[in-house]
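Residue-level structure breakdown
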Amino acid sequence: MTQIESDGWETKYIDQKDQSEWIKTQFDSEYHGGGNPILFRLPKPTQTELIKILTKSTDLNQISAISCLLKDSEFDEYDNHHEYREELIIQLEKIVNNIDFKWNGFEKKRLTTIIYDSDLNFPHNQRESLGKKYSEVENDYQYYKNIAERAEKIIALSNKNNSILEKIKKVFD
């Protein structure tokens, strides 16, 4: 790949084989070492596309990276920074409520990684509060609190089912 431009935050490349364009960004660039490089083929996936990939992926590194990207409000300007939390928690609830879903060590790790890395369990208001009425700020807070409670229920389910799996395993050992 050949670098074609850089603004200090993102670097754009072209793949000489197929002329596809790619962009490299540093996720968590505020951390020591400059953060983690993430490479995307352009156009960047939307938040909805990322959630779809996230709910199907079996690669924990990819799951963690996508979860972190979702909480980065700068990620997709084409989505007008729409709120991802409601869409994501609905998808996670569909997964755990699916009749064919089976709890296992991987599913516990996958779901908890998604929840923790995307801050779904973080109940604090993330929206601007200046210039808003108290009722608007309270509604924003309740929105985040509700999603955090739903995420914590999934974590509690995974812990409960993990305990059951461990007891079953001990019986057969």
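Quantities reported herein were computed from a predicted structural model and do not represent experimental measurements.

1. Thoughts on the pattern of salt bridges
Using the criterion set out here, one finds ten salt bridges in the structure. Glu 83 is paired through a salt bridge with Arg 85; the nearest N and O atoms lie 2.8 Å apart. Close ionic contact of Arg 150 with Glu 93 constitutes a salt bridge, the shortest N to O distance being 2.8 Å. Of this pair, Arg 150 sits in helix H5 (residues 134–172) while Glu 93 sits in helix H3 (residues 85–97), and the two are 57 residues apart along the sequence. Salt bridges sharing common partners tie together Glu 86, Glu 93 and Arg 150.

2. Digging into unusual backbone geometry
Peptide bonds are, in most cases, trans, and in most cases residues other than glycine have a negative phi. Here the residue pair Leu 42 and Pro 43 is connected by a cis peptide bond, since its omega of 0° sits within 30 degrees of zero. Mapped onto the elements of the fold, Pro 43 is located in the loop between strand S4 (36–41) and helix H1 (47–56). One non-glycine residue, Gln 19, lies in positive phi territory at about 65°. Among the structural elements, Gln 19 can be located in the loop between strand S2 (10–14) and strand S3 (21–27). Look at Asp 119: it is not a glycine, yet its phi comes out positive at around 65°. Positionally, Asp 119 belongs in the loop between helix H4 (105–117) and H5.

3. Topic: the sheet that holds strand S1 (residues 2–6)
Read from one edge to the other, the open sheet built from four strands follows the order S1-S2-S3-S4, with strand pairing classed as antiparallel. The strands lining the two open edges of the sheet, one partner per strand, are S1 and S4. Adjacent strand axes in the sheet meet at a mean angle of 30° when their direction is disregarded. In the sheet, S3 pairs with S4 via six bridges, with the strands oriented antiparallel. Note on S4: the bridge partner recorded for Lys 24 is Leu 39.

4. Things to note about the nonpolar core
Core analysis: the largest hydrophobic core is formed by 24 residues, its most contacted members being Leu 70, Leu 88, Leu 92, Leu 120 and Ile 154. It is H5 that provides the largest number of residues to this core, a total of six residues. Residue contacts for Leu 92: discarding those within four places in its chain leaves Leu 111, Ile 114, Ile 115, Leu 120 and Ile 154.

Parameters and conventions
- Residues numbered from 1 in each chain as written.
- Predicted model: local features only at pLDDT ≥ 70, side-chain atom pairs only at ≥ 80, totals over all residues.
- Heavy atoms only, no water.
- Salt bridge = Lys/Arg side-chain N within 4 Å of Asp/Glu carboxyl O.
- Helix = DSSP H or I, 4+ residues; strand = E, 2+ residues; numbered from the N terminus.
- Pairing = 2+ DSSP bridges.
- Axes fitted to C-alpha atoms, helices over the stretch in contact; angles between N-to-C directions.
- Core = buried A, V, L, I, M, F, W, Y, C linked by side-chain atoms within 4.5 Å.
- Buried < 20%, exposed > 50% of the residue type's maximum accessible area, 1.4 Å probe, protein only.
- Contact = heavy atoms within 4.5 Å.

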